[in-house]
Amino acid sequence: MVTGRSEFLAGVRAELPILLGVIPFGMIYGVLALSAGLPSGAALGMSSIVFAGSAQFVGTQLIGAGTPGIVVVLTTFVVNLRHMLYSASVAPHVRHLRPVWKWLLAYLLTDEAYAVTIIHYNRESDPAHKHWYFLGAGLALWGTWQASTAVGIFLGARVPASWALDFTLALTFIAIVIPALRDRASVAAALSAGVVALLAAGLPYKLGLMLAALTGIVAGVALETLYPSAARVPIAAQGESRNR
Amino acid sequence: MTLWLSILGMGMVTYAIRLSFILLLERVEIPWRVRQALRFVPPAVLSAIIFPELLWPHGALDLSLGNVRLLAGLLAALVAWRTRNVLLTIAVGMGALWILQAIL
């Protein structure tokens, strides 16, 4: 029988493989934040106040370079804008919840928690306790992120750069995105976004990322509109599970 | 002081973004077209991060066989495609990177 507790634990379990990539990434953040000149307290505080890996990396670099606060905040906005699309994506599923749940789950809405949670929400099963799955995945990631950044801050400069631990970020994303490429439209979205990201890599403030993401989305929608396929099934299923 | 204000500002915009549609949706329905577009967000955003990591490793495009990140990333993609195993993908990718770094 599906209970809140069993869903919570299932969410934690689904998050575990991803945590393997998050641990070195968090440690690298801690190491880099100190070398950028941040005090350990601020580097640690950022992990719970901001709680967004890529934005924290960019933020510490900018702060370390003496960038004005307003530019740091605006850059964070651009880097994290993709989370607005995650927010829209999970919104129908958390609509029925009490405000305290919404505010809590929004805080935990990271790339890694979203990736496993949305797959579970789109699965055909009892939707009554699925927010516990979200909470389990989100809290597992939160705890791991806090602990691994703390270890990174503690280790400081003792991790050699030749270990290239930052590469685990790309590997984690590869492991998430490849199995999701189930139809022509998703492949087109991924490829066009990737190519535009390369063409626009020179743009300031990570604007290339946003431009690439928008191009990929438009390409995916265009291809699906031109060649309607079985790809529409998951969307229909999503609607059904919500109406039950 | 300025440092903590910057961190607080970063946290507030991040939280506002994550909260946006979760709160808005109490009043508005997401159109079908938007939901269709959302399906392509993860592949688009993640690829936009992955491609430069593999092909733009040192501030310039590198398509050569000496680009160890590209080779290790392609191998990891093959493992992800065949096994759908996150753990194995990361392990093979990191292992390949370290071996290639030692050889090349």
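Residues numbered from 1 in each chain as written. Chains lettered and ligands numbered in written order. Predicted model: local features only at pLDDT ≥ 70, side-chain atom pairs only at ≥ 80, totals over all residues. Heavy atoms only, no water.

### Side note on the packing of helix H5 (residues 82–94) of chain A against helix H7 (residues 111–122) of chain A
Packed helices, taken two at a time, are described by their axes: the angle between them and the distance between them.
All names here are of chain A.
Phase 1: Running from amino to carboxyl end, H5 crosses H7 at an angle of 30°, the nearest separation of the two axes being 11 Å. Relative to H7, H5 is oriented so that their crossing is left-handed. On H7, the residues touching Arg82, His83, Tyr86, Ser89, Val90, His93 and Val94 of H5 are Asp111, Tyr114, Ile118, Tyr121 and Asn122.
Phase 2: Grouping the constituent residues of the contact of H5 with H7 by class yields six nonpolar, four polar and two charged. (Axes fitted to C-alpha atoms, helices over the stretch in contact; angles between N-to-C directions. Helix = DSSP H or I, 4+ residues; strand = E, 2+ residues; numbered from the N terminus. Left-handed = near helix turned anticlockwise from the far one by under 90°. Contact = heavy atoms within 4.5 Å. Nonpolar A, V, L, I, M, F, W, Y, C, P; charged D, E, K, R; others polar.)

### Observations concerning the interface of chain A and chain B
Phase 1: Taken together, the contact pairs 91 residues of chain A with 65 residues of chain B.
Phase 2: Our enumeration of links across chain A and chain B arrives at zero salt bridges.
Phase 3: The interface formed by chain A and chain B contains eleven residue pairs in polar contact (both at pLDDT 80 or more).
Phase 4: With twelve residues, the top contributor of residues to the side of chain A that touches chain B is H5(A).
Phase 5: Here the residues of the side of chain A that touches chain B are counted per class, giving 62 nonpolar, 21 polar and eight charged. (Salt bridge = Lys/Arg side-chain N within 4 Å of Asp/Glu carboxyl O. Polar contact = N/O pair within 3.5 Å; in protein donor to acceptor, adjacent residues only side chain to side chain.)

### Some details on the confidence of the model for chain A
Phase 1: Residue-level pLDDT values for chain A average 85, and 91% of them are 70 or greater.
Phase 2: Confidence over residues 231–244 of chain A falls short of pLDDT 50; this stretch has 24 contacts with residues more than four positions distant or in other chains. (pLDDT = per-residue confidence, 0-100.)

### Some details on helix H1 (residues 2–24) of chain B
Phase 1: Under the 1.5 Å per step criterion, the end-to-end length of H1(B) is 32 Å for 23 residues, consistent within 8% with the ideal 33 Å.
Phase 2: Along H1(B), the helix axis deviates most sharply at B:Arg18, where the bend reaches about 30°.
Phase 3: Here H1(B) has its buried residues at B:Ser6, B:Ile7, B:Gly9, B:Met10, B:Gly11, B:Val13, B:Thr14, B:Ile17, B:Arg18, B:Leu19, B:Ser20 and B:Ile22.
Phase 4: Contact partners of the buried residues in H1(B): helix H2 (40–49), helix H3 (53–64), helix H4 (69–80), H5 and helix H6 (99–107) of chain A. (Expected span 1.5 Å × (residues − 1). Bend = angle between axes of the 7 residues up to and from the residue. Buried < 20%, exposed > 50% of the residue type's maximum accessible area, 1.4 Å probe, protein only.)

### Quick notes on the pattern of salt bridges
Residue and element names in this part refer to chain B.
Phase 1: Across all of its chains, the model carries one salt bridge over all chains by this definition.
Phase 2: Between arginine 69 and glutamate 53 there is a salt bridge, and its shortest N-O distance comes to 3.9 Å. Pair noted here: arginine 69 is in helix H4 (residues 68–83) and glutamate 53 is in helix H3 (residues 41–55), with a separation of 16 residues, a long-range link.
Phase 3: Taking the relative accessible area as the measure of exposure, glutamate 53 reaches 23% and is therefore partly exposed.

### As for unusual backbone geometry
Phase 1: Backbone geometry places A:Phe51, a non-glycine residue, at a positive phi of 50°.
Phase 2: Examined against the element boundaries, A:Phe51 turns out to sit in the loop between H2 and H3.
Phase 3: Among the residues examined, A:Phe51 registers a relative accessible area of 2% and is labelled buried.
Phase 4: For B:Arg84, which is not a glycine, the phi torsion comes out positive at approximately 55°.
Phase 5: As for its placement among the helices and strands, B:Arg84 is situated in the loop between H4 and helix H5 (86–103).

### Examining the confidence of the model for chain B
Phase 1: In the predicted model, chain B carries a mean pLDDT of 89, and the fraction of residues at 70 or more is 97%.
Phase 2: Mean pLDDT across the elements of chain B ranges from a minimum in helix H2 (residues 32–38) of chain B, with 78, to a maximum in H4(B), with 96.

### Description of the packing of aromatic side chains
Phase 1: The full count for this structure, using the stated rule, is nine aromatic pairs over all chains.
Phase 2: Pairing A:Tyr86 with A:Tyr114 gives two aromatic rings, centres 4.2 Å apart and planes at 10°, and the pair type is stacked. A residue pair is termed long-range when its members are at least 10 positions apart, and A:Tyr86 in helix H5 and A:Tyr114 in helix H7 qualify at 28 residues. For the pair shown, A:Tyr86 and A:Tyr114 are each scored as buried.
Phase 3: Within the aromatic cluster, the residues linked to one another by ring pairs are A:Phe25, A:Tyr29, A:Phe57 and A:Trp145.
Phase 4: Over the face of the ring belonging to A:Tyr227 we find A:Arg184, whose NZ or CZ atom lies 5.0 Å from the ring centre.
Phase 5: In this arrangement the basic side chain of B:Arg82 is found over the ring face of B:Trp81, its NZ or CZ atom lying 5.3 Å from the centre. (Phe/Tyr/Trp six-rings, centres within 6.5 Å; stacked < 30°, edge-to-face > 60°. Lys NZ or Arg CZ within 6 Å of the ring centre and 35° of its normal.)

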